[in-house]
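So you can see what is in the structure, the chains are spelled out below.
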Amino acid sequence: FFEPVTCKPPCRAILNPYCQINIRGKLWICPFCLTRNPFPPHYKDISNTNQPAELLPKYMTIEYSLSRPAQAPPVFLFVVTCLDADDIKALHDALVVSLSLIPPYALVGLITFGTMTQVHELGYAECSKSYIFRGGKEYTQKQIQDMLGLSTTTHAAPRASQPMPQQAFGAACFLLPVQQCEFQLTGILEALACDPWPVADDKRALCCTGVTVSVAVGLLEMSLSITTFLNTSARIMVFAGGPAMEGPGMVVSNELKEPICSHHDIKRDSAKHYKCAVKFYEGLAKRVSNNGHAVDLFTGCLDQVGLLEMKSLPNSTNGVIVLSDSFATSIFKQSFLRMFNKDDQDFLQIGFNVTFNTTKELKVSGLIRHAISARKKSACVGKTEIDIGQTSAYAIYLARRCRDRPINADS
């Protein structure tokens, strides 16, 4: 166990086989910024025949198990629909199992939605307490901040090995370590019921998916930025039981006589809500990607849920998409719980936030993958643009392993 040899700030690139080395001067040159860096004292015996593993071409991938704790714990924000009683029960069972698989120091939060959006305050132990947002209204980040009582004062982020203060800043009310809120969260999930708002015979049950995802994005933006968690590992896990039927991002109205748009409607440009919904979700996807977070979509519905309109959310953040007829199916349960698989060293195999840059020797035309541009213009940008281009840096969710023990939480 030893720390990786890194370039000087702000580059911080890690010693690798592509670095130029000066054996006599005990120096190495960073391929990204061309900075000359001295080798640390424990590399004093380096020679042409005695080189560390980081410089050997056969070791292209090296993982470091660090003795220091992670700078910030991973965050899982569950966004749960409340439309069908059977699906709610199945979702409850799956979520309770997932709590036992998530590292105990990881932060979790809960938002439920139907006609309205409810942000649950997990830090209030006396009874179930939630903040209600109207499903038919679009909220700005400032409005979400004011309604949730989140302060803009910056606070130091607690380390993964440290418990969250019981009476702390506003963000701690909504995002708490699993080990502190598991009982409270389980109780809220057990009490979940179908949306109480009445539904007429000729109407669909209202569902405000767009507003809910917007509130979830705003909650993480404010909660994590005021605790210096911005760009930390966070996932918004959306469980949708039907299409959005009111508010921003709606894909069909609640009138049963209005069918959801078909492929032919989109091709003929006659889909009533398609363009507005796509624009809304693309705007959210850009915000999520810029924050370094991911959005996962789990659907349990026989009908369409508007996945075409929402596809930018998982695509731009490298989230996952799971389509199933119901949350009671084995396809959903197995796929969801597989998100928390661990390897033989007890690491979560889930992907987390990564930003990667290109070296100055390359001209980058673009990237064909689920990622988003970091909008970094440099001499490395090629003239020909292919897919995601005009940048030399990209934000993407790659494999980063999170250990169940805080002492080695950062790899």
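You'll find the structure just up there.
Conventions adopted
- Residues numbered from 1 in each chain as written.
- Predicted model: local features only at pLDDT ≥ 70, side-chain atom pairs only at ≥ 80, totals over all residues.
- Heavy atoms only, no water.
- Helix = DSSP H or I, 4+ residues; strand = E, 2+ residues; numbered from the N terminus.
- Buried < 20%, exposed > 50% of the residue type's maximum accessible area, 1.4 Å probe, protein only.
- Axes fitted to C-alpha atoms, helices over the stretch in contact; angles between N-to-C directions.
- Parallel < 35°, antiparallel > 145°, perpendicular 65-115°, else oblique.
- Left-handed = near helix turned anticlockwise from the far one by under 90°.
- Contact = heavy atoms within 4.5 Å.
- Nonpolar A, V, L, I, M, F, W, Y, C, P; charged D, E, K, R; others polar.
- Core = buried A, V, L, I, M, F, W, Y, C linked by side-chain atoms within 4.5 Å.
- Salt bridge = Lys/Arg side-chain N within 4 Å of Asp/Glu carboxyl O.
- Right-handed = clockwise from strand over helix to strand, strands pointing away.
- Pairing = 2+ DSSP bridges.
- Phe/Tyr/Trp six-rings, centres within 6.5 Å; stacked < 30°, edge-to-face > 60°.

J.: Can you explain unusual backbone geometry? Please cite residues and give values.
T.: That bond from Pro9 to Pro10 is cis: its omega, 5°, falls within 30 degrees of zero. For Pro10, the location among the structural elements is in the segment before strand 1 (20–22). The phi dihedral of Lys26 is positive, around 55°, even though this residue is not glycine. Note that Lys26 resides in the loop between strand 1 and strand 2 (27–29). On the basis of relative accessible area, Lys26 is assigned to the partly exposed category, the value being 28%. The phi angle at Asp269 is positive, at roughly 60°, despite the residue not being glycine. One can find Asp269 in the loop between helix 5 (263–267) and helix 6 (274–291).

J.: For the packing of helix 1 (residues 85–101) against helix 9 (residues 330–338), give the residues involved together with the corresponding values.
T.: Interaxial distance between helix 1 and helix 9 falls to 10 Å at its minimum, and their mutual angle equals 20°. For the element pair helix 1 / helix 9, the angle class is roughly parallel. In terms of crossing hand, the pair formed by helix 1 and helix 9 is right-handed. Between helix 1, through Leu91, Ala94, Leu95, Val97, Ser98 and Leu101, and helix 9, the contact on the second element is made entirely by Phe332, Phe336 and Leu337. The residue makeup of the contact of helix 1 with helix 9, split by class, is 8 nonpolar, 1 polar and no charged.

J.: So, the nonpolar core: which residues are in play, and what are the values?
T.: Within the largest apolar cluster, 42 residues are counted, with the highest numbers of intra-cluster contacts made by Leu77 and Ile236. If you list the elements that add at least two residues to this core, you get strand 4 (75–81), strand 5 (107–113), helix 2 (141–148), helix 4 (209–225), strand 9 (234–240), helix 6 and strand 10 (293–300). The element contributing the most residues to this core is helix 4, with 8 residues. If sequence neighbours within four positions are ignored, Leu77 has contacts with Gly109, Leu110, Ile111, Leu175, Ala216, Leu219, Leu220, Arg235, Ile236 and Met237. Core analysis: the next-biggest nonpolar cluster, separate from the first, contains 34 residues, Val80, Leu99, Leu192 and Leu348 among them.

J.: Pulling in residues and values, what's your account of the pattern of salt bridges?
T.: A complete count under the given rule lists 8 salt bridges for this structure. Lys89 is the salt-bridge partner of Asp93, the closest N and O atoms lying 2.9 Å from each other. One end of the pair, Asp93, and the other, Lys89, are both in helix 1, 4 residues apart, so they sit about a helical turn from each other. What makes Asp93 partly exposed here is its relative accessible area of 31%.

J.: Account for the side chain of Ser214, with residues named and values stated.
T.: For Ser214, the position within the fold is in helix 4. For Ser214, a relative accessible area of 5% gives the class buried. Leave out the neighbours within four places in its chain, and Ser214 touches Tyr139, Ile144, Phe280, Leu284 and Arg287.

J.: Would you mind going over the pairing of strand 4 in detail, with residue names and values included?
T.: A regular strand places its side chains so that they alternate between the two faces of the sheet. With 7 of 7 residues buried, strand 4 is to be regarded as a mostly interior element. Of the two faces of strand 4, both are covered, the one formed by Val75, Leu77, Val79 and Thr81 as well as the one formed by Phe76, Phe78 and Val80. After leaving strand 4, the chain enters helix 1 and then returns to the sheet as strand 5, a path that is right-handed. The sheet contact formed by strand 4 and strand 9 spans 6 bridges and is parallel. Bridge pairing links Phe78 to Met237 in strand 9.

J.: Help me get a handle on the packing of aromatic side chains, residues and values and all.
T.: Per the stated rule, a full pass over the model turns up 15 aromatic pairs. Aromatic side chains Phe280 and Tyr281 sit 5.3 Å apart centroid to centroid with 70° between the ring planes, which places their arrangement in the edge-to-face category. Phe280 sits in the buried class, given a relative accessible area of 13%. When the centroid spacing of 5.8 Å and the interplanar angle of 5° are considered together, the rings of Phe332 and Phe336 count as stacked.

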